[in-house]
Amino acid sequence: HDLGRLEMSRIENIRRKFSSVIYRAGAWHLKHYLARRAGPMAATFQLTNRCNLRCVMCNIPNNPTQGTLDLDVFKKTVRDLSRIGCCYASLSGGEVLTIGNFFEYLREAKKHIPSVNTVTNGVLLDEAAAREFHGAGVDSVSLSLDGMERSHEFTRGRKGAFARTVEAIENLK
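This is a predicted model, so every value here is computed, not measured.

A. Region of interest: the overall build of the protein chain. Within the protein chain, the secondary structure is distributed over 6 helices and 4 strands. N-terminal to C-terminal, the α/β element order of the protein chain is α-β-α-β-α-β-α-β-α-α. Among the 173 residues that make up the protein chain, the fraction classed as buried is 35%. Here the analysis covers contacts within the protein chain between residues at least 6 apart in sequence; of these, 68% occur between residues at least 24 apart.

B. View of the packing of aromatic side chains. In total, this model carries 5 aromatic pairs according to the counting rule given. Pairing phenylalanine 102 with phenylalanine 103 gives two aromatic rings, centres 5.1 Å apart and planes at 65 degrees, and the pair type is edge-to-face. Take phenylalanine 102: its relative accessible area is 1%, and that puts it in the buried class. You can call phenylalanine 103 buried: its relative accessible area is 13%. Pairing phenylalanine 103 with phenylalanine 133 gives two aromatic rings, centres 5.1 Å apart and planes at 80 degrees, and the pair type is edge-to-face.

C. Molecular detail of the packing of helix H5 (residues 149–156) against helix H6 (residues 161–172). Taken N-terminus to C-terminus, the directions of H5 and H6 make an angle of 105 degrees; their axes are 8 Å apart at the nearest point. When the axis of H5 is compared with that of H6, the two are roughly perpendicular. When H5 is examined against H6, the residues Glu149, His152, Glu153 and Arg156 are found in contact with a partner set consisting of Ala161, Phe162, Ala163 and Thr165. Tallied by class, residues from the contact of H5 with H6 come to 3 nonpolar, 2 polar and 3 charged.

D. Region of interest: the side chain of asparagine 49. Its place among the elements puts asparagine 49 in the loop between strand E1 (42–46) and helix H2 (71–83). Here asparagine 49 falls in the buried class, since its relative accessible area comes to 14%. Within polar-contact distance, the side chain of asparagine 49 engages the backbone oxygen of threonine 65 at 2.9 Å. Among the polar contacts listed, one links the side chain of asparagine 49 to the backbone nitrogen of glycine 67, at a separation of 2.7 Å.

E. Focus on the sheet that holds strand E2 (residues 88–92). With parallel pairing, 4 strands are arranged side by side in an open sheet as E1-E2-E3-E4. The two strands at the open ends of the sheet, each matched to only one other strand, are E1 and strand E4 (140–143). Ignoring strand direction, the axes of neighbouring strands in this sheet form an average angle of 20 degrees. H2 rests against E1 and E2 of the sheet, and its axis sits at about 170 degrees to E1. Each of E2 and strand E3 (115–120) touches helix H3 (residues 102–112); the most contacted strand, E3, lies at about 155 degrees to it.

F. Spotlight on the packing of H3 against helix H4 (residues 127–136). Their axes nearest at 9 Å, the elements H3 and H4 cross at an angle of 20 degrees. Classified by the angle their axes make, H3 and H4 are roughly parallel. As for how H3 packs across H4, the hand of that crossing is right-handed. Residues Phe102, Phe103, Leu106, Arg107 and Lys110 of H3 form the contact with H4, whose own contacting residues are Ala129, Glu132, Phe133 and Ala136. Across the contact of H3 with H4, the residue classes tally to 6 nonpolar, no polar and 3 charged.

Rules behind the numbers
Residues numbered from 1 in each chain as written. Predicted model: local features only at pLDDT ≥ 70, side-chain atom pairs only at ≥ 80, totals over all residues. Heavy atoms only, no water. Helix = DSSP H or I, 4+ residues; strand = E, 2+ residues; numbered from the N terminus. Buried < 20%, exposed > 50% of the residue type's maximum accessible area, 1.4 Å probe, protein only. Contact = heavy atoms within 4.5 Å. Phe/Tyr/Trp six-rings, centres within 6.5 Å; stacked < 30°, edge-to-face > 60°. Axes fitted to C-alpha atoms, helices over the stretch in contact; angles between N-to-C directions. Parallel < 35°, antiparallel > 145°, perpendicular 65-115°, else oblique. Nonpolar A, V, L, I, M, F, W, Y, C, P; charged D, E, K, R; others polar. Polar contact = N/O pair within 3.5 Å; in protein donor to acceptor, adjacent residues only side chain to side chain. Pairing = 2+ DSSP bridges. Left-handed = near helix turned anticlockwise from the far one by under 90°.

Pasting the structure below:
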C-alpha cells in the first residue's frame with residue numbers, strides 16, 4: 001500500500017514538472033512568435049572555473065585566476081530567468097562539486113526553474129553527495145566518461161578517475 005502511494009506521488013511530481021515545462025515553453029513560443037519578445041528558454045551556468053582534474057581538452061588548469069559565481073548573483077539571475085519563462089538550467093563548471101555550498105545553488109535553481117541538470121566529472125560524487133542531489137530534486141546529472149579506464153584516465157589526467165566516476169554512477173542509482 002505504501003509502495004502504491006509512493007508511485008502515485010512520483011507520477012504526480014512528473015506530471016507537475018511536465019505541465020510546468022510545457023506551460024513555460026508554450027508561453028515562450030507565444031511571446032516569441034506573436035509578441036516578438038521572448039527571453040531565454042534555457043540557461044547554462046558555468047558556476048566555477050575550479051577543477052580537480054587536468055583534462056587534455058580543457059584550459060581551466062592553465063588559468064591562474066580561479067573563482068566561483070557569487071551565490072547572491074546566481075539567486076537573482078535564476079529568479080529573473082524564471083520570471084521571463086526559462087524552463088531549463090544546466091549547472092556546470094569546472095567541477096561543481098569543488099564548490100563548498102554547491103547544493104545551495106542547486107536548491108535555488110530547482111526552486112525557480114522546472115528542469116535542472118548538473119554536469120560533473122563524478123570524482124567527488126560520493127554517497128552523501130548523491131543523497132544531496134536526490135534531496136535537491138535535480139532532474140538529471142551528466143557525468144563525464146571518456147571510454148574505458150585507460151582512455152578515461154589519459155583524457156582526464158588523473159589515475160583513479162575512472163573507478164571514481166563509475167562509483168559515482170552507482171551512487172546516483
